[in-house]
Amino acid sequence: MAITASNYKAYFWVLILTSVLATGCSSSKSTASKSDKDQEVAYDKLKFDQYYLEGLKQKTLGNYDKAQMFFERCAKMDPTHAATLYELAQLNERSSDYQAAYEKMQVVLKQEPDQRWYLEYTAALAQYLSKYDEASDAYQTLIENYPDNPENYFQLANTYLYANKLKDAAEVYDQLEEKMGFTEDIATQKYKIYMQLEDTDKARAEVEKLRENNPEDVQYYGMLAKLYRQEGQPEKAIEIYKNLLTTRPDDPNIHLSLYEFYTEAGDSAQAFQSLTKAFTSPDMNIDNKIGVLINYYKATETDESLKPQAYQLLDAVVDAHPKDPKGYAMYGDFLFRDEKLESAR
């Protein structure tokens, strides 16, 4: 149809209306498409949250297989979701698959490298798997981020000890002591490290700190005596115990320390004499005495030469604890085994 002056105006408005309608339809399709995508994302997020919460619920109820199923669904939807992988790692650990747990935590730390709980858990797994370099790196990061938490220092020192990096462990204890001041645990650990390193001067310094802060504790005098023996000065070691016995001749702890000292020195006669003196004291816990006698019971089954010692200790126990049935029961076990039935009655 030809466009004439009379129908031009009508034709013009038809074109405008068609254009508007077309644009409106196109815009409507675009909006609908975007809305559908948003709804799909929202629906996936809702499903993810439902799976995750159900996983936590099943874990709380002790249904670990079901919990793992829901967490694995979450991981399938988002393979790098830190909280999900953390939960799965704990379930792996629970089934003793420590390597799988550790590998998941590596992914977690890539997402959240400074999160405290994730670092602590990864460090513990690495330590268990003997990945000491990785464990020490994690504990060092924790110390940098949380310098006032002493547990991280202790764990870092333990990691170095496991890795036989004794000097590094000692340095960590030094740092911890600067923060906390003197503690028996730190000084004792440093003493043990320096003894292994055969650094007797530093070991002695730690023992002296322990004695100054705990003058009544016999074990620290024993540590000093052991130090003297290691240095080839046994006479000084014996002198320490003799000085203690002048003021506390019946203290069973001193005699037990002497027993340990003579045993390590290979002097079995003196060791037994000290053990007997400890046994005659009612202040020595009878349960500890029974523990020693159980060892004698086992040893005398293959070495009858130890039986006289065993019976001497049994006499000491019933004399020191005449009203406690444990001593008599132990005595009866020996007599029955050795077919001394008349004595047992």
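Residues numbered from 1 in each chain as written. Predicted model: local features only at pLDDT ≥ 70, side-chain atom pairs only at ≥ 80, totals over all residues. Heavy atoms only, no water.

### Re the confidence of the model for the protein chain
In step 1: The pLDDT averaged across the protein chain works out to 87; a share of 86% of its residues lies at or above 70.
In step 2: When pLDDT is averaged over each element of the protein chain, helix H3 (residues 82-94) comes out on top at 97 and helix H1 (residues 5-60) at the bottom at 60.
In step 3: Below pLDDT 50 for its whole length, residues 1-34 participates in four contacts with residues either more than four positions away or in separate chains. (pLDDT = per-residue confidence, 0-100. Helix = DSSP H or I, 4+ residues; strand = E, 2+ residues; numbered from the N terminus. Contact = heavy atoms within 4.5 Å.)

### Comments concerning the pattern of salt bridges
Note that side chains of opposite charge can pair when their charged atoms are close.
In step 1: Taken as a whole, this structure holds 19 salt bridges when the rule is applied.
In step 2: Lys190 is the salt-bridge partner of Glu177, the closest N and O atoms lying 2.7 Å from each other. You can see Glu177 sitting in helix H8 (residues 166-180) and its partner Lys190 sitting in helix H9 (residues 184-196), a full 13 residues away along the chain.
In step 3: Look at Glu177 and you get buried, because its relative accessible area is 15%. (Salt bridge = Lys/Arg side-chain N within 4 Å of Asp/Glu carboxyl O. Buried < 20%, exposed > 50% of the residue type's maximum accessible area, 1.4 Å probe, protein only.)

### Focus on the packing of aromatic side chains
In step 1: Scanning the model with the defined rule gives twelve aromatic pairs in all.
In step 2: Pairing Tyr98 with Tyr128 gives two aromatic rings, centres 4.2 Å apart and planes at 35 degrees, and the pair type is tilted. Here Tyr98, found in helix H4 (residues 98-111), pairs with Tyr128, found in helix H5 (residues 116-128); they are 30 residues apart in sequence, far enough to count as distant.
In step 3: On the accessibility criterion, Tyr128 (52% relative accessible area) is exposed.
In step 4: Taken together, the ring pairs in this structure connect Tyr297, Tyr311, Tyr331 and Phe334 into an aromatic cluster.
In step 5: One Lys or Arg, Arg73, reaches over the ring of Tyr51 and ends 5.3 Å from the middle of that ring.
In step 6: The ring of Tyr297 has Arg337 lying over it, and the distance from NZ or CZ to the ring centre is 4.4 Å. (Phe/Tyr/Trp six-rings, centres within 6.5 Å; stacked < 30°, edge-to-face > 60°. Lys NZ or Arg CZ within 6 Å of the ring centre and 35° of its normal.)

### With respect to the nonpolar core
If you look at soluble globular proteins, the nonpolar side chains tend to sit buried side by side.
In step 1: In this structure, Met105, Tyr118, Tyr121, Ile240, Tyr241 and Leu244 are the most contacted members of the largest nonpolar core, which totals 65 residues.
In step 2: With eight residues, helix H11 (residues 218-230) is the largest single contributor of residues to this core.
In step 3: One finds Tyr296, Ala310, Leu313 and Val317 within the second-largest nonpolar core, a separate group that totals 20 residues. (Core = buried A, V, L, I, M, F, W, Y, C linked by side-chain atoms within 4.5 Å.)

### Digging into unusual backbone geometry
In step 1: Phi at Ser96 is positive, roughly 70 degrees, even though this residue is not glycine.
In step 2: Mapped onto the secondary structure, Ser96 falls in the loop between H3 and H4.
In step 3: One non-glycine residue with positive phi stands out, namely Glu339, at about 60 degrees.
In step 4: Here Glu339 lies in the loop between helix H17 (325-337) and helix H18 (341-344).

### Description of the side chain of Gln127
In step 1: With respect to the helices and strands, Gln127 occurs in helix H5.
In step 2: The buried category is assigned to Gln127, whose relative accessible area is 15%.
In step 3: Ignoring any residue separated from it by four or fewer positions in sequence, one finds Gln127 in contact with Tyr132, Ala135, Tyr139, Gln155, Asn158, Thr159 and Tyr162.

### Examining the side chain of Thr300
In step 1: You can see Thr300 is positioned in helix H15 (residues 286-300).
In step 2: Excluding residues within four positions of it along the chain, Thr300 makes contact with Leu306, Lys307, Ala310, Phe334 and Arg337.

### Things to note about the packing of helix H7 (residues 150-162) against H8
In step 1: Where H7 meets H8, the axes come as close as 8 Å, and the angle between the chain directions of the two elements is 165 degrees. If you check the angle between H7 and H8, you find them roughly antiparallel. Note that H7 runs across H8; the crossing there is left-handed. Facing Pro150, Tyr153, Phe154, Leu156, Ala157, Asn158, Tyr160 and Leu161 of H7, the residues of H8 in contact are Leu166, Asp168, Ala169, Val172, Tyr173, Gln175, Leu176, Lys179 and Met180.
In step 2: Residue classes in the contact of H7 with H8 are distributed as 13 nonpolar, two polar and two charged. (Axes fitted to C-alpha atoms, helices over the stretch in contact; angles between N-to-C directions. Parallel < 35°, antiparallel > 145°, perpendicular 65-115°, else oblique. Left-handed = near helix turned anticlockwise from the far one by under 90°. Nonpolar A, V, L, I, M, F, W, Y, C, P; charged D, E, K, R; others polar.)

### Focus on helix H10 (residues 200-213)
In step 1: With 14 residues, H10 extends 20 Å from end C-alpha to end C-alpha; this agrees with the ideal 20 Å at 1.5 Å per step.
In step 2: When H10 is considered as a whole, its buried residues turn out to be Thr200, Ala203, Glu206, Val207 and Leu210. Projected down its long axis, H10 shows its buried positions confined to an angular sector of 125 degrees, all on one face. Exposed and oriented more than 90 degrees from the buried face of H10 are Asp201 and Glu212. (Expected span 1.5 Å × (residues − 1). Arc of directions from axis to C-beta.)

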